[in-house]
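Summary of the model geometry
Chain residues, written in single-letter form:
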Amino acid sequence: MTSVVAAEHQPYAAHEGLPPPPGGWRRLLYPGFLRAAWMAPLFFGIGCGIVVLCRWWGGWHPIWFGEIIVLVGALIAAPIGFLAGVGVFDYWVRYAIGAPTVPEDHTGHGAYSWRDYFRVNTDHKVIGMQYLVTTVVFFLIAGLLAMLVRAELAKPGMQFFDNQTYNGLFSVHASLMIFLFVIPAFAGLANFVVPLMLGAPDMAFPRLNALSYWLLPIAGIMMVSSFLVPGGAFASGWTGYAPLSVHQPMGTIFFNMGVQWAGASSIMTALNFLVTIITMRAPGMTFWRMPLLVWANFTTSLLVVIATPFIAGSQFFVMFDRVMHTHFFDIAGGGYPLGYQHIFWFYSHPAVYIMMLPGFGIASEVISTFSRKPIFGYRLMALSLMAILVLGFSVWAHHMFVSGMAPWLRVPMMVTTLLIAIPTGIKVFSWLATMWEGKIHFNTPMLWAAGFVSMFVIGGLSGIYLGAVPIDIHVSDTYFVVAHIHYVLFGGSLFTIFAGIYYWFPKMTGRMYNETLGKLHFWLTFVGFNATFFPMHLIGTQGMPRRVSDYDPMFAHWNMFISVASFFLGASTIVFLYNMITSMRRGEPAPGNPWRSLTLEWQVTSPPPRFNFDEIPQVVGSPYEYGVPGARHAVLNGDRTAEEVPVH
């Protein structure tokens with residue numbers, strides 16, 4: 001075990017931080033929400049002016065066209081004005097116009113009070129916390145929308161909403177969960193942890209890291225605010241299939257642009273991770289000494305950079321069909337409707353792994369630590385991540401077996417879909433082998449990790465069924481698919497997100513959470529989740545269609561049971577929120593390494609120092625050598641007496 005920074009070390013000095021903002025009218029020019037309050041409307045006006053001028057110049061009538069005004073002014077120009085107002089572009093603008101750049105004295109780096117979390121910050125730890133809190137807010141909003149959906153489905157017939165409103169509820173629910181919770185929540189955890197695990201002082205591009213976060217609330221607010229426009233929210237599902245989405249009300253363009261902003265955030269973050277992992281590893285940290293969470297984020301970042309432009313393209317094409325009257329997906333104009341699905345799923349099936357691979361990394365860290373055993377098959381675990389990366393691009397059309405695509409594509413896609421179960425199975429067997437005969441400590445993070453393994457296996461098995469053409473034809477667009485995706489993304493992604501939050505909560509906050517409440521949260525969620533989603537397999541195979549607001553009375557009893565269980569599941573989140581808020585304020589002070597873990601982030605104080613390490617660590621061995629006498633991952637803080645542990 002490496003030595004720990006002295007407990008009395010304070011990561012941030014009380015007198016440091018940004019100077020107070022100027023007074024008077026100069027306050028309006030100081031970066032922050034006040035400047036954003038007038039710059040966003042200014043840029044909205046500029047966007048409107050550009051639209052009006054172009055339409056007047058081209059002789060198009062009416063000159064003031066509401067939908068294009070909303071698109072250009074409210075969804076493009078105003079967010080750029082907001083970003084400029086809060087200050088994410090200040091350094092780059094000064095550089096671009098040739099003005100003297102402000103010397104970097106690091107006063108804006110790090111958090112010295114709660115206010116520092118509400119401004120542009122270049123500290124990866126602050127940005128990680130900003131990500132996590134923001135994504136939890138959107139998780140709560142999306143969960144409330146899901147409960148409204150289940151309230152409508154509790155009984156046959158129409159109870160509370162019309163069909164269009166119902167479609168909007170589940171569409172925004174799914175979009176928020178995927179684009180504004182699961183993907184960025186993993187990015188938030190990795191933002192905090194990965195540079196520490198690498199022995200780096202920060203991310204490679206701190207300003208780009210800050211910008212990538214501030215794109216996120218823009219995307220989320222855009223999707224939620226679609227309920228307020230005429231016609232209601234986008235209502236063609238999170239998939240936004242064309243040509244249906246082309247002919248939906250105005251809320252559809254809020255989805256189109258929300259995906260663009262969220263996708264831009266993902267690409268920026270992924271590029272930052274790739275450069276950080278490749279170029280900023282501590283001395284001695286070869287690729288075969290990296291923790292598996294770093295491997296997971298490396299492969300995930302490659303997936304994001306390669307795949308995300310495809311969904312951006314699909315949404316641009318839909319927007320062009322709608323606003324500019326092109327015919328990409330209009331069959332009457334020579335378009336190809338199935339082309340949308342091919343483009344969309346070429347991103348969105350790899351996106352399933354974007355939402356899973358970081359969770360695999362978290363599970364590996366937690367299971368090894370709390371089993372007190374080296375991870376079983378470390379190199380094969382890392383190589384299986386790369387195998388999933390490659391195979392993930394060869395299975396997209398299994399979502400389209402009943403779409404009318406070329407029949408000859410079915411069998412190859414079925415084969416590759418079943419083939420990708422091999423590297424995934426390697427990971428499951430590795431986790432089980434790591435736990436086998438280990439000295440398991442069932443702390444809250446371990447409960448979530450073990451729950452993830454069991455739930456992900458169920459989701460994986462139902463995925464094999466859906467990958468087989470005959471079964472998929474039978475259960476396509478039924479609640480069997482709803483059960484599958486929730487076992488993969490709720491039982492898989494969300495369980496690992498909670499495992500990661502509980503595992504690194506002491507490191508992030510310097511406080512210990514309440515262990516009893518953490519375990520209560522797990523068991524309430526575990527029971528509520530299975531009671532909600534497992535019966536969906538049964539009614540799905542019996543023919544209960546998904547994405548419908550009314551259904552045959554033969555499914556009434558099961559749907560009432562599912563709706564009651566879903567409210568129980570939603571209530572379990574209250575325990576989590578109470579535990580996090582009270583522990584952050586009044587929890588016991590956390591030691592530097594409460595779990596006796598070997599990875600580098602646990603070898604410094606909780607929370608870490610301002611630039612993570614007082615001295616560059618020297619990595620000398622594997623991060624998982626639990627139970628090996630004399631083994632250590634790194635030496636730091638002046639301790640250079642240990643001999644290096646050879647890597648076999």
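Residues numbered from 1 in each chain as written. Predicted model: local features only at pLDDT ≥ 70, side-chain atom pairs only at ≥ 80, totals over all residues. Heavy atoms only, no water.

**Here we look at a nonpolar patch on the surface**
Selection criterion: The patches reported here contain residues having more than 30% relative accessible area and no salt bridge. Joining distances are 9 Å for like charges and 5 Å for nonpolar side chains (Val, Leu, Ile, Met, Phe, Trp, Tyr). Throughout, the Shrake-Rupley method with a 1.4 Å probe supplies accessible areas, and for residues the shown protein chains are the sole cover considered. Definition used for salt bridges: Asp or Glu carboxyl oxygen within 4 Å of a side-chain nitrogen of Lys or Arg. Under the scheme used here, helices are H or I runs from DSSP no shorter than 4 residues and strands are E runs no shorter than 2 residues, and both carry numbers assigned from the N terminus. Each residue is assigned to one of three classes by its accessible area relative to the maximum for its type, calculated with a 1.4 Å probe on protein chains only: buried under 20%, partly exposed between the two thresholds, exposed over 50%.
On the surface, Trp25, Leu28, Leu29, Leu34, Trp38, Leu42, Ile46 and Ile50 cluster together into a nonpolar patch covering about 770 Å² of accessible area. If you trace the backbone, Ile50 turns up in helix α1 (residues 33-58). Here Ile50 falls in the partly exposed class, since its relative accessible area comes to 46%.

**Observations concerning the domain arrangement of the protein chain**
Where interface size is quoted, it is often the accessible area lost as the parts come together. Here is the rule: By convention here, the domain bounds are inherited from an automatic or database domain assignment. Every residue pair with non-hydrogen atoms within 4.5 Å of one another is taken to be in contact. Here a polar contact is recorded for every N or O atom pair within 3.5 Å, except that within protein the pair must consist of a potential hydrogen donor and a potential acceptor, and residues adjacent in sequence are included only if both atoms are side-chain atoms. Just so you know the grouping, Ala, Val, Leu, Ile, Met, Phe, Trp, Tyr, Cys and Pro go in nonpolar, Asp, Glu, Lys and Arg go in charged, and all remaining residues, Gly too, go in polar.
Assigned domains within the protein chain: domain 1 (31-103) and domain 2 (114-586). If you average the C-alpha positions of domain 1 and of domain 2, the two centres end up 32 Å apart. Facing 17 residues of domain 1, the contacting portion of domain 2 comprises 17 residues. There are two residue pairs in polar contact (both at pLDDT 80 or more) connecting domain 1 and domain 2. Looking at the side of domain 1 that touches domain 2, the elements that each hand over two or more residues are α2 (66-86) and α3 (90-96). Tallying contributions element by element places α2 first for the side of domain 1 that touches domain 2, with 11 residues. Considered class by class, the residues forming the side of domain 1 that touches domain 2 number 15 nonpolar, one polar and one charged.

**Digging into the side chain of Thr300**
In this structure, Thr300 sits in helix α8 (residues 292-324). Here the side chain of Thr300 touches Ala296 through a polar contact of 2.7 Å, landing on its backbone oxygen. Contact partners of Thr300, with chain neighbours within four places excluded, come to Ile354, Leu357 and Pro358.

**Section: the packing of aromatic side chains**
Cut-off, in case you're wondering: A pair of aromatic rings is counted whenever rings of Phe, Tyr or Trp (Trp by its six-membered ring) have centres within 6.5 Å, and the orientation is called stacked for planes under 30 degrees apart, edge-to-face for over 60 and tilted otherwise.
Overall, the coordinates contain 65 aromatic pairs when judged by the stated rule. Centroid distance Phe139 to Phe181: 4.6 Å. Interplanar angle 25°. Geometry classified as stacked. A residue pair is termed long-range when its members are at least 10 positions apart, and Phe139 in helix α4 (residues 124-153) and Phe181 in helix α5 (residues 163-198) qualify at 42 residues. Of the two residues, Phe139 and Phe181, both sit in the buried class. Each ring, one from Tyr166 and one from Phe170, has its centre 5.6 Å from the other, and the planes form 65°; the classification is edge-to-face.

**Concerning empty space enclosed by the protein**
Test applied: Using only the protein atoms, space was sampled on a 1 Å grid; points where a 1.4 Å probe fits but cannot get out form cavities, open sets with protein on both sides within 12 Å along at least five of seven lines form pockets, and lining residues are those with an atom within 4 Å of a point. Grid points are joined across faces, edges and corners, and a volume is the space filled by probe spheres set on the points.
One pass over the full model with this rule turns up two cavities of 30 Å³ or more. Its boundaries defined by the atoms lining it, the largest cavity holds a volume of some 190 Å³. Considering the residues around the largest cavity, the lining is formed by 20 residues, among which Ile183, Ala187, Ser266, Thr269 and Val304 are closest to the centre. In the lining of the largest cavity, the residues fall into 14 nonpolar, six polar and no charged. Approximately 80 Å³ is the volume found for the second largest cavity. In terms of lining residues, the second largest cavity is bounded by Phe179, Ile183, Val259, Ala262, Gly263, Ser266, Val304, Thr308, Ile311, Tyr347 and Ile354. Where the lining of the second largest cavity is concerned, the elements lending two or more residues are α5, α7 (251-279), α8 and α9 (337-354). Here the lining of the second largest cavity takes four residues from α7, the largest share from any one element. Considered class by class, the residues forming the lining of the second largest cavity number eight nonpolar, three polar and no charged.

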